[in-house]
Amino acid sequence: MHPALLGLFVLEAILYGLIAYVLLRKRTPYPDTRIGYHVGMAMASQAAWEYANRAAGTVCGAMGAIFLVAGLLLWRLGVGLGLAIGALFLLSLLGAAAGVFLPLGLLRRKGL
């Protein structure tokens, strides 16, 4: 695997980590919903806002860790460029989908 590709894994891990930090620690308090997880259901009440941001922050933090571990593991195993690019692409798609839809599903399940 090319070192630049490892850099992309690490960069995406850092970005997910920063998003998690903002969602968990620096979101604006309700009813000011400028910074945080923006979905209509999440902005309906203070309890929903807090829960959705905690859930989204946790998911983003976990995705950051997954990107870091996957990049280092692929680097250590010396996989080919095609497999590494495919893994980066697949993880990027899964991370984006999980970051948006998983907190929304948890919010609906909780009934807030």
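Just above sits the structure.
Now for a look at the structure at hand. Computed from a predicted model, the values in this text were never measured in an experiment.

The rules behind the values
Residues numbered from 1 in each chain as written. Predicted model: local features only at pLDDT ≥ 70, side-chain atom pairs only at ≥ 80, totals over all residues. Heavy atoms only, no water. Patch = residues over 30% accessible without salt bridge, like charges linked within 9 Å, V, L, I, M, F, W, Y side chains within 5 Å. Areas by Shrake-Rupley, 256 points an atom, 1.4 Å probe, with all protein chains shown as cover. Salt bridge = Lys/Arg side-chain N within 4 Å of Asp/Glu carboxyl O. Helix = DSSP H or I, 4+ residues; strand = E, 2+ residues; numbered from the N terminus. Axes fitted to C-alpha atoms, helices over the stretch in contact; angles between N-to-C directions. Parallel < 35°, antiparallel > 145°, perpendicular 65-115°, else oblique. Left-handed = near helix turned anticlockwise from the far one by under 90°. Contact = heavy atoms within 4.5 Å. Nonpolar A, V, L, I, M, F, W, Y, C, P; charged D, E, K, R; others polar. Buried < 20%, exposed > 50% of the residue type's maximum accessible area, 1.4 Å probe, protein only. Expected span 1.5 Å × (residues − 1). Bend = angle between axes of the 7 residues up to and from the residue.

Thoughts on a nonpolar patch on the surface
For step 1, the next point in the chain: On the surface, a cluster of nonpolar side chains totalling about 450 Å² of accessible area is made up of Leu8, Leu11, Ile14, Leu15 and Leu18.
For step 2, the next point in the chain: As for its placement among the helices and strands, Leu18 is situated in helix 1 (residues 3–26).

Some thoughts on the packing of helix 1 against helix 3 (residues 81–110)
For step 1, the next point in the chain: Here helix 1 crosses helix 3 at 15 degrees, and the two axes come no closer than 10 Å. The angle between helix 1 and helix 3 places the two elements in the roughly parallel class. Judged by the twist between their axes, the crossing of helix 1 over helix 3 is left-handed. Across from Leu5, Leu8, Phe9, Glu12 and Tyr16 in helix 1, the residues of helix 3 making contact are Leu81, Ala84, Ile85, Ala87, Leu88, Leu91, Ser92, Gly95 and Ala96.
For step 2, the next point in the chain: When its residues are assigned to classes, the contact of helix 1 with helix 3 shows 11 nonpolar, 2 polar and 1 charged.

Thoughts on the packing of helix 1 against helix 2 (residues 46–77)
For step 1, the next point in the chain: Running from amino to carboxyl end, helix 1 crosses helix 2 at an angle of 165 degrees, the nearest separation of the two axes being 8 Å. Judged on the interaxial angle alone, helix 2 and helix 1 are roughly antiparallel. Like other packed secondary-structure pairs, helix 1 and helix 2 cross with a definite hand, here left-handed.
For step 2, the next point in the chain: Partitioning the contact of helix 1 with helix 2 into residue classes produces 19 nonpolar, 6 polar and 2 charged.

Side note on the side chain of Asn53
For step 1, the next point in the chain: Its location among the elements puts Asn53 in helix 2.
For step 2, the next point in the chain: Using a relative accessible area of 0% as the deciding quantity, one classes Asn53 as buried.
For step 3, the next point in the chain: Among all residues touching Asn53, those that are not within four sequence positions of it are Leu23, Leu24, Arg27, Gly36 and Tyr37.

Thoughts on helix 3
For step 1, the next point in the chain: An ideal rise of 1.5 Å per residue puts 44 Å on 30 residues; helix 3 measures up with 42 Å between its terminal C-alpha atoms.
For step 2, the next point in the chain: Most pronounced at Ala98, the bend in helix 3 amounts to some 35 degrees.
For step 3, the next point in the chain: Listed in full, the buried residues belonging to helix 3 are Ala84, Ala87, Leu88, Leu91, Gly95, Ala98, Gly99, Pro103, Leu104 and Leu107.
For step 4, the next point in the chain: In the core, the buried residues of helix 3 are packed alongside helix 1 and helix 2.
For step 5, the next point in the chain: Phi turns positive, to about 80 degrees, at Gly111, one or two residues after helix 3.

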